[in-house]
Amino acid sequence: MIKRSISLISISVVLSLCACYYDHEETLYGAASNQPCTDTVGTVSYVQKVVPILQTSCYGCHTGSSPSGNQLMGTYAADKAMAQNGKLMGTINHSAGYSPMPKGAAKLSSCRIATIKKWIDVGMLNN
Ligand code: HEC
């Protein structure tokens, strides 16, 4: 009996260590291109996963009273609208017929693009 609970405890210790390891990895490397893409797992959080990407690569030009190209971003409603009209994926994928974004910078990593795509595919939750 005692032996059994000890092994249960060690299993949970091992499991929680694993969880910490992966959490940590995600925090450290996030959507970096040379790391496994863990950000697309499960329901992609708008606040935790999508906003940081857009903040880094888009909001600098597309927020405020006169956003570039008259394309407003930076709120859930605005980002969702851009996702729904197809321009968000079109521009970051460098699809034909769209102006490639982020303007004047390298294309987003495939993990970042996949993260945004997953958020859209799951239904653009405000989470
Ligand atoms: C350095 C400034 C800058 C950054 C950063 C930037 N944009 Fe733009 N964006 C512009 C300008 C200027 C235009 C208007 C001219 C054009 O279309 O190229 C534009 C146009 C757009 C358009 C309309 C283009 C079309 O084909 O309809 C969309 C959508 C857009 N940006 C989305 C984004 C997204 C998403 C990001 C981040 C991944 C981003 N932009 C980053 C400057 C920027």
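Residues numbered from 1 in each chain as written. Predicted model: local features only at pLDDT ≥ 70, side-chain atom pairs only at ≥ 80, totals over all residues. Heavy atoms only, no water.

Draft legend 1. Expanded view of the site of the ligand. Around the ligand sit 18 residues in total, of which Cys58, Cys61, His62, Ser99 and Met101 are the nearest. A distance of 2.6 Å is found between an oxygen atom of the ligand and a side-chain nitrogen or oxygen belonging to lysine 103. Those elements giving two or more residues to the shell around the ligand turn out to be α3 (59-62) and α5 (87-92). Its residues placed into classes, the shell around the ligand shows nine nonpolar, seven polar and two charged. (Near = heavy atom within 4 Å. Polar contact = N/O pair within 3.5 Å; in protein donor to acceptor, adjacent residues only side chain to side chain. Helix = DSSP H or I, 4+ residues; strand = E, 2+ residues; numbered from the N terminus. Nonpolar A, V, L, I, M, F, W, Y, C, P; charged D, E, K, R; others polar.)

Draft legend 2. How the structure looks around the nonpolar core. Among the nonpolar cores identified, the biggest contains 20 residues, and Leu54, Tyr59, Met73, Leu88, Ile116, Trp119 and Ile120 are the most heavily contacted of them. Elements with a contribution of two residues or more to this core: α2 (46-57), α4 (76-84), α5 and α6 (110-121). Looking at this core element by element, the count peaks at five residues for α2. (Core = buried A, V, L, I, M, F, W, Y, C linked by side-chain atoms within 4.5 Å. Buried < 20%, exposed > 50% of the residue type's maximum accessible area, 1.4 Å probe, protein only.)

Draft legend 3. Summary view of unusual backbone geometry. Note that the residue after methionine 101, namely proline 102, is joined by a cis bond; omega there is 0°. Within the element layout of this structure, proline 102 appears in the loop between α5 and α6. One non-glycine residue, asparagine 70, adopts positive backbone phi at about 55°. On the basis of relative accessibility, which here comes to 67%, the residue asparagine 70 falls in the exposed class. With phi around 60°, histidine 94 is a residue other than glycine that occupies positive phi space. Residue placement: histidine 94 occurs in the loop between α5 and α6.

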